[in-house]
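The chain contents come next:
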Amino acid sequence: MFKKILIANRGEIAVRIINACKELGIKACVIYSEADKDSLHVLKSDEAYYIGPAPARESYLNIDKIIDTVKKNKIEAVHPGYGFLAENARFIKRIESEGVTFIGPPAAVVELMGEKTAARRFVQEAGVPIVPGTTQSIKNNKQLKEIASEIGFPIILKAAAGGGGKGMRIVRNAEELEESFERAGSESLKAFGDDRIYIEKYIVNPKHIEVQVLSDKQGNHLHLFERECSIQRRHQKIIEEAPSSSINEKLRERITTAAISITKACNYLNAGTIEMLLDENNNFYFLEMNTRLQVEHPVTELITGVDIVKEQISIAAGNPISFRQSELKMSGCAVECRINAEDPHENFLPSTGTISDLTLPNIPGIRIDNGIRNGYTITSVYDSLMMKVISWDKSRSDSIKKMQYALKNLSLSGIICNIPLHLRVLNSDEFILSRHSINFLEGAYDHLTSFSEVSEGKNVAASAILGAYIKYQRSKLAPSKIGNNDQNKWTNSDEL
Ligand code: ADP
């Protein structure tokens, strides 16, 4: 086993990986930027190395500086977490060329799956259905029009180099086509330095289902069942759960078998996730593969009892996966809410400020993967995820109730967060009965994301109590706008 690991990340995921290292008796080392010197991940680490100024390009994305740090400090393995350099093949190659282990898959697989059209061709050849559409990028407007009319509207334009919803555009008719193509291309060029766009059929009201996989150097390819991540805002997940309440045992068997045929075909190594869309007729289609640990991995850990990060480290050290497929059982239901520093009343604009009065719920069955601490200042430089609250209980409805109780017992000052949105979703019949699709917060229920006084009045029947509660919160939060942090407090309350 390794003696010293570098975690090339920050926030809650760095803390999560530190915990796994410490349990395994491994020295947990981290890097940090100027903005993170008071952060929880620095405080909890065994060794912390300053890497540069706040902007990610100069710190968490600075490959040269990270490699220097690895060399100077006798690091044996690097865990990339998610985001930043986790899916950067060049980074992986640089690490390996220093004789250091990358805790993740080989660069070649990351390259293959990172290019969405290449991944689509590969998966199709492996016999797994992909979302109908092209497997090459579109060359010109003539081809664009021909293929779009062949597939039939609505379609979705996607960046071949894409991720994080960037360069993605839904097109509902031929009139919007050319302009959307141009915009998607320039958005992708800006985000990824690559303007290649391809087309997918826009699946109407699907669910997002994904399979957690683990592969080791001995050639074992296992799955840890599925997660459902259909509660999204602007195509970004905000609530995840495991197992999915939308599939039965037979469909689970087919989806997980499909996932394993992909990991076998690409000789996958370490942890990964196969993302799928499930349409209204229970057809599933490959969406993409994430060749890394995912934000929502804890829901799988809670229903299987497997510590995915410890498995990742052990696999990277050359050990086989610590269990067999037949030994793995699902138990109960887990739900995760992503707690973001963003203001629901300002269209979810990132909220900045210094954290104080942080109180986390202490409830049996609640796990909190936290990345913040009192005195830490949240800036808008990094993503807005502060912590994840994960609930586990025997049934889905009990797990949802537990989550509601936990969120009402979580309090912090200095920052505005998205807990009011979570409470609305957790309280809605559509979610409770699992009738929602990925469009839940954008379609008939888009009022759930609107926190203006007007829309609260309009939807009084749907969320009368909640509306009152949110207005109450609003009055508490308002002073933050003029910098009075003391009163900017998300308080627990029994009003709901
Ligand atoms: P990214 O890698 O940019 O996050 P994904 O391909 O993973 O993009 O898609 C993100 C989300 O966008 C999906 O979870 C789903 O909500 C929506 N989406 C993507 N492709 C389609 C499609 N063909 N039809 C309907 N919704 C889609």
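Predicted model, so just to flag it, every value in this text is computed and none were measured. (Residues numbered from 1 in each chain as written. Predicted model: local features only at pLDDT ≥ 70, side-chain atom pairs only at ≥ 80, totals over all residues. Heavy atoms only, no water.)

### Let's talk about the sheet that holds strand β12 (residues 270-278)
Taken in spatial order, the 8 strands of this open sheet run β13-β12-β9-β10-β11-β14-β21-β19, and their pairing is antiparallel. Taken across any chain shown, the strands that pair with only one partner, and hence form the sheet edges, are β13 (284-290) and β19 (366-370). The mean inter-strand angle of the sheet, taken between neighbouring strand axes irrespective of direction, is 25 degrees. Here 6 bridges tie β12 to β13, and the two strands are oriented antiparallel to one another. (Pairing = 2+ DSSP bridges. Helix = DSSP H or I, 4+ residues; strand = E, 2+ residues; numbered from the N terminus. Axes fitted to C-alpha atoms, helices over the stretch in contact; angles between N-to-C directions.)

### Examining the site of the ligand
Of all residues adjacent to the ligand, which total 20 residues, the nearest are Lys 116, Lys 158, Gly 165, Gln 232 and Glu 288. Within the backbone of Gly 165, one N or O atom sits 2.6 Å away from an oxygen atom of the ligand. Within the side chain of Glu 288, a nitrogen or oxygen atom sits 2.8 Å from an oxygen atom of the ligand. Protein coverage of the free-state accessible area of the ligand, which is 550 Å², stands at 95%. The set of elements that each furnish at least two residues to the shell around the ligand consists of β6 (155-159), β8 (197-201), β12 and β13. Residue composition of the shell around the ligand, grouped by class: 8 nonpolar, 6 polar and 6 charged. Taken domain by domain, the shell around the ligand gets at least three of its residues from each of domain 2 (132-201) and domain 3 (207-490). (Near = heavy atom within 4 Å. Polar contact = N/O pair within 3.5 Å; in protein donor to acceptor, adjacent residues only side chain to side chain. Areas by Shrake-Rupley, 256 points an atom, 1.4 Å probe, with all protein chains shown as cover. Nonpolar A, V, L, I, M, F, W, Y, C, P; charged D, E, K, R; others polar. Domains from an automatic or database assignment.)

### So, the state of the cysteines
Simply put, the disulfide is a covalent bond whose two ends are the sulfur atoms of two cysteines. Tallied over the full model, the rule gives 0 disulfides. Distance from the sulfur of Cys 29, which forms no disulfide, to the nearest cysteine sulfur (Cys 21) is 8.4 Å. The closest cysteine sulfur to the non-disulfide-bonded Cys 337 is located on Cys 417, 11 Å from its own sulfur. Judged by its relative accessible area of 0%, Cys 337 falls in the buried class. (Disulfide = S-S within 2.5 Å. Buried < 20%, exposed > 50% of the residue type's maximum accessible area, 1.4 Å probe, protein only.)

### Let's talk about the pairing of strand β2 (residues 27-33)
Counting buried positions along β2 gives 6 out of 7 residues, so the element sits mostly inside the fold. Note: strand β1 (residues 4-7) against β2, 4 bridges, orientation parallel. Residue pairing in the sheet places Lys 4 in a bridge with Lys 27 of β2. Chirality of the crossover, the property in question, places the unit of β1, helix α1 (residues 11-23) and β2 among those that are right-handed. (Right-handed = clockwise from strand over helix to strand, strands pointing away.)

### Considerations on the side chain of Asp 369
Inspection of the secondary structure assignment puts Asp 369 in strand β19. Take Asp 369: its relative accessible area is 7%, and that puts it in the buried class. With sequence-adjacent residues up to four places away left out, Asp 369 is seen in contact with Glu 12, Arg 16, Pro 298, Met 387, Lys 388 and Ile 390. (Contact = heavy atoms within 4.5 Å.)

### Section: unusual backbone geometry
For the bond running from Phe 153 to Pro 154, omega is 0 degrees, close enough to zero to count as cis. Note on placement: Pro 154 falls in the loop between α7 (141-151) and β6. Of the consecutive residues Ala 242 and Pro 243, the connecting peptide bond is found in the cis state with omega at -5 degrees. Checked against the element boundaries, Pro 243 lands in the loop between β11 (236-242) and α9 (249-265). Backbone geometry at His 235 places phi at a positive 65 degrees, although glycine is not the residue there. In this structure, His 235 sits in the loop between β10 (221-233) and β11.

### Comments concerning the domain arrangement of the protein chain
For the protein chain, the assigned domains read domain 1 (4-103), domain 2 (132-201) and domain 3 (207-490). Carbon and sulfur atoms supply 60% of the area that domain 2 and domain 3 bury against each other, a total of about 390 Å² over both sides. Three residues, Pro 132, Gly 164 and Met 168, lead the burial of domain 2 against domain 3; their summed loss comes to 51% of the area buried on that side. There are 0 salt bridges connecting domain 2 and domain 3. Here domain 2 and domain 3 share 1 residue pair in polar contact (both at pLDDT 80 or more) between them. When its residues are assigned to classes, the side of domain 2 that touches domain 3 shows 3 nonpolar, 2 polar and 2 charged. (Buried area = accessible area lost by both parts, 1.4 Å probe. Salt bridge = Lys/Arg side-chain N within 4 Å of Asp/Glu carboxyl O.)

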